[in-house]
Amino acid sequence: MTVKCFTKSLMAIFISILMVFSTAHASDLHYSVGAQDFKGHIAKPKGKPLGKVFIIHDWNGLNQYEIMRAEKLAALGYEAVALDLFGVDATLEGFEDYKREAGALYADRQKFQARILAAVTAASESSADDVAEFLMGYCFGGAAVLEGARMGLDIDGFVSFHGGLETPEGQDYTRTKAPVLLLHGSADPVSGMNSLASVLQQMQAAEISHDAEVYGGARHSFTVSGSRDYHSAADEKSWQALLRFLKEHQ
């Protein structure tokens, strides 16, 4: 191993240790919707949090990706809760499973909204700190964030990372109570620039505060390291955009 590689390895270890020790503790969040049980992940900072951030997972369910994001936010002083919308008994082993679970919620908006509300309510009540609260999510989670905005969740901001942008029939943004930030790739084949323009026009018509950042050449899952769509520059820029948004509205 060269000195340069060794130094970089030590730095990576140091950063990992720093993130662990800057977080007071992590715990599970248990809640139910009807007879179905759900389990989220809470990452708390030391001391009073700067704000609370609720993270909705991609279509493959709550896993280490969302937990990693929660831990990063906790290291920066936020209480972060990775939410679960599929339930502890959901089978999530591959494409067909992901399609089934996500599709079931897209097909039943009442159930979709009930799960979002239950998850956000449980996360909000997990501590008594009176601070600003935000909802963020990736891909499916980004679409869920916009569902939460349209249903009128009473929180302080919404951030959608490469989320589905289509507005279901019968919905609009007239009930949205907080600013919305869209972080999107210009080469997204799932929700293209026409979809982005449409949702921005809807938000403008509803007279809600909104903003968007578009990353040139970035495809759909540009924040997911290891995926074919990963775009490191867009990943970092979108993360910094999130942090600016949180700071502005906390």
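Residues numbered from 1 in each chain as written. Predicted model: local features only at pLDDT ≥ 70, side-chain atom pairs only at ≥ 80, totals over all residues. Heavy atoms only, no water.

A. Quick peek at the packing of helix 3 (residues 95-107) against helix 4 (residues 109-124). Here helix 3 crosses helix 4 at 105°, and the two axes come no closer than 5 Å. Our classification of the angle between helix 3 and helix 4 gives roughly perpendicular. Contacts between helix 3 and helix 4 involve Leu105, Tyr106 and Ala107 from the first element and Arg109, Lys111, Phe112 and Arg115 from the second. Across the contact of helix 3 with helix 4, the residue classes break down as 4 nonpolar, no polar and 3 charged. (Axes fitted to C-alpha atoms, helices over the stretch in contact; angles between N-to-C directions. Helix = DSSP H or I, 4+ residues; strand = E, 2+ residues; numbered from the N terminus. Parallel < 35°, antiparallel > 145°, perpendicular 65-115°, else oblique. Contact = heavy atoms within 4.5 Å. Nonpolar A, V, L, I, M, F, W, Y, C, P; charged D, E, K, R; others polar.)

B. Quick peek at the pairing of strand 7 (residues 180-185). Here strand 7 lies mainly inside the structure; 6 of its 6 residues are buried. Across the two faces of strand 7 the burial is the same, with Val180, Leu182 and His184 and Leu181, Leu183 and Gly185 all buried. As paired strands, strand 6 (residues 157-161) and strand 7 are joined by 4 bridges and run parallel to one another. Along strand 7, the bridge assignment pairs Phe161 with Leu183. The pairing of strand 7 with strand 8 (residues 210-215) spans 6 bridges and is parallel. (Buried < 20%, exposed > 50% of the residue type's maximum accessible area, 1.4 Å probe, protein only. Pairing = 2+ DSSP bridges.)

C. Quick peek at helix 5 (residues 140-150). By the criterion of burial, helix 5 is predominantly enclosed, with 11 of the 11 residues buried. Within helix 5, the full set of buried residues consists of Phe140, Gly141, Gly142, Ala143, Ala144, Val145, Leu146, Glu147, Gly148, Ala149 and Arg150. Looking one or two places after helix 5, you find Gly152, whose phi comes out positive at around 85°.

D. Fine view of the nonpolar core. Counting 37 residues, the largest nonpolar core has Leu83, Leu85, Leu135 and Phe158 as the members making the most contacts within it. For Leu135, the contacting residues outside a window of four places in its chain are Phe54, Ile56, Leu83, Val120, Val145, Leu153, Ile155, Gly157, Phe158 and Val159. (Core = buried A, V, L, I, M, F, W, Y, C linked by side-chain atoms within 4.5 Å.)

E. Molecular detail of the pattern of salt bridges. This model, assessed by the stated rule, comprises 9 salt bridges. Residue Arg109 pairs with Glu147 through a salt bridge whose shortest N-O separation is 2.5 Å. Here Arg109, found in helix 4, pairs with Glu147, found in helix 5; they are 38 residues apart in sequence, far enough to count as distant. Take Arg109: its relative accessible area is 24%, and that puts it in the partly exposed class. Put simply, Glu147 and Arg150 hold a salt bridge, and the shortest N to O gap is 2.8 Å. Separated by 3 residues within a single helix, Glu147 and Arg150 lie in helix 5, roughly one turn from each other. With respect to burial, Glu147 and Arg150 carry one shared label: buried. One salt-bridge network, held together by shared partners, links Asp97, Arg100 and Glu101. (Salt bridge = Lys/Arg side-chain N within 4 Å of Asp/Glu carboxyl O.)

F. Focus on the side chain of His220. Note that His220 resides in the loop between strand 8 and helix 7 (232-249). Within polar-contact distance, the side chain of His220 engages the side chain of Asp188 at 2.9 Å. (Polar contact = N/O pair within 3.5 Å; in protein donor to acceptor, adjacent residues only side chain to side chain.)

G. Representation of helix 3. Counted at 1.5 Å a residue, the expected span for helix 3 with its 13 residues is 18 Å, and the 18 Å between its end C-alpha atoms agrees. Among the structural elements, helix 4 and helix 5 are those in contact with the buried residues of helix 3. (Expected span 1.5 Å × (residues − 1).)

H. Examining the packing of aromatic side chains more closely. For the coordinates displayed, the defined rule picks out 11 aromatic pairs. Members of the aromatic cluster, joined through ring pairs, are Phe86, Tyr106, Phe112 and Phe140. For Lys72, the ring lying beneath its charged end belongs to Trp239, and the centroid distance is 4.5 Å. (Phe/Tyr/Trp six-rings, centres within 6.5 Å; stacked < 30°, edge-to-face > 60°. Lys NZ or Arg CZ within 6 Å of the ring centre and 35° of its normal.)

I. Inspection of the layout of surface pockets at higher detail. Put simply, the largest pocket is a space of about 480 Å³. Every residue lining the largest pocket is counted, 25 residues in all, and those nearest its centre are Asp58, Tyr106, Cys139, Phe140 and His220. Looking at the lining of the largest pocket, the elements with two or more residues in it are helix 2 (64-75), helix 3 and helix 5. (1 Å grid on protein atoms, 1.4 Å probe; cavity = no way out; pocket = protein on both sides within 12 Å on 5 of 7 lines; lining within 4 Å. Points joined across faces, edges and corners; volume = space filled by probe spheres on them.)

J. Examining the packing of helix 4 against helix 5 more closely. At a minimum axis separation of 10 Å, helix 4 and helix 5 run at an interaxial angle of 90°. Between helix 4 and helix 5, the interaxial angle falls into the category roughly perpendicular. For the pair formed by helix 4 and helix 5, the contact residues are Arg109, Phe112, Gln113 and Ile116 on the first element and Phe140, Ala144, Glu147, Gly148 and Arg150 on the second. Here the residues of the contact of helix 4 with helix 5 are counted per class, giving 4 nonpolar, 2 polar and 3 charged.

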